[in-house]
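# Summary of structural features
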Amino acid sequence: MAIILGDHQYGKAENRIVRIVRDTPRHEIHDVNVSTALRGDFAPAHLVGDQSNVLPTDSQKQTAYAYAKRLGTASIEEYGLSLARHFVDDVPPVAAARIEIEDYAWERALVDGVEHDHTWVRKGQEVRTASVTVEGRGDAQRTWITGGLKDLVILKSTGSEFHGFYEDEYTVLEPTTDRVMATSLVATWRFTTTEADWNAVYAGVRSLLVRQFAVVHSLALQQTLYEMGKAVLEAYDVIAEVRLSAPNKHHFRYDLERFGIENDNEVFHADDRPYGLIQASVTRDDAPDAGPAWRRQDAFA
Ligand SMILES: O=c1[nH]c(=O)c2[nH]c(=O)[nH]c2[nH]1
């Protein structure tokens, strides 16, 4: 029997970079969490402790900060692209680089009803995400970009049903034709291009996802997810695939009848666990190969 080193990658995870644009008295803020991962033949480092090909994770961190100046005008996708290309093009042992970014939104503080120039309040909990993977050099170079969001907490108080499901001897769930449906959505979309109006696509996709959640009369969260992905693919030909992950944040109608009080879907217990976890990928039948687009940094965990 031989023991072999398998797939490996290494990088600096979760660089918390804040970029302030202060060229005028009205500042701008970009607050991001950047993770780098380099891939290539780093076997000697693992097998015999030879670091000669290893660009330290500390250097990767320094590079992420050095490139952060670009965040003044660049979207997170563009920033990730320049960082990934730098590692692959300029560091010979690196065969591929993956950059994952989370973007935390701030909104201007209102002071006496006026937007303040250099004070912000964190906007909700929703986070914009992006990943860039660059492989190979020169004409053989290939690039995969995803955009996305996570922690988009969304709830509808009607327009959702769940019935007609398969029942076995353990099924106790009551069918319903009117329930609260809520989730904390994670959506990731895979681009077919390395040049897009990234911020406009983000805003458009986000609003389509919210729109579909609201207007689709849902017979199950599964159906809602499919309709969300389908609408995005119909509207954006620069997107080949949408992946959705949605915890079903159950809201159980509370039994007030015990107290002689009517409860016509008015009072609920919001249960935090367990939760149903509904996940789907929606794709075009002619979508290009996903390559390493979904090879996330936490794939080793
Ligand atoms: O939208 C739903 N999908 C399910 O698969 C499911 N299962 C369940 O218990 N409730 C729900 N709701």
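Within an unreviewed UniProt entry, the label attached to the protein reads Uricase, and the organism entered is Agromyces bauzanensis. The record in UniProt for the protein states the following under Sequence similarities (unreviewed entry): "Belongs to the uricase family." UniProt lists a comment for the protein under the heading Function (unreviewed entry), and it reads "Catalyzes the oxidation of uric acid to 5-hydroxyisourate, which is further processed to form (S)-allantoin."

## Quick word on helix α3 (residues 76-90)
Helix length check: α3, at 15 residues, gives a terminal C-alpha distance of 21 Å against a target of 21 Å (1.5 Å per residue), a fit within 8%. α3 sits mainly inside the fold: eleven of its 15 residues count as buried. Ile76, Glu77, Tyr79, Gly80, Leu81, Ser82, Leu83, Ala84, His86, Phe87 and Val88 are the residues of α3 that are buried.

## Structural notes on the domain arrangement of the protein
Accessible area lost upon the coming together of the parts serves often as the stated size of an interface. Taken domain by domain, the protein consists of domain 1 (1-140) and domain 2 (149-301). When each unit is reduced to the centre of its C-alpha atoms, the spacing between domain 1 and domain 2 is 28 Å. Every contact between the two is made by 24 residues of domain 1 and, on the other side, 17 residues of domain 2. Roughly 1,900 Å² is buried in total at the junction of domain 1 and domain 2, and carbon and sulfur atoms are behind 44% of that figure. Across the contact surface, domain 1 and domain 2 share three salt bridges.

Conventions adopted
- Residues numbered from 1 in each chain as written.
- Predicted model: local features only at pLDDT ≥ 70, side-chain atom pairs only at ≥ 80, totals over all residues.
- Heavy atoms only, no water.
- UniProt positions renumbered as here; feature names shortened; annotations may be inferred.
- Helix = DSSP H or I, 4+ residues; strand = E, 2+ residues; numbered from the N terminus.
- Expected span 1.5 Å × (residues − 1).
- Buried < 20%, exposed > 50% of the residue type's maximum accessible area, 1.4 Å probe, protein only.
- Domains from an automatic or database assignment.
- Contact = heavy atoms within 4.5 Å.
- Buried area = accessible area lost by both parts, 1.4 Å probe.
- Salt bridge = Lys/Arg side-chain N within 4 Å of Asp/Glu carboxyl O.

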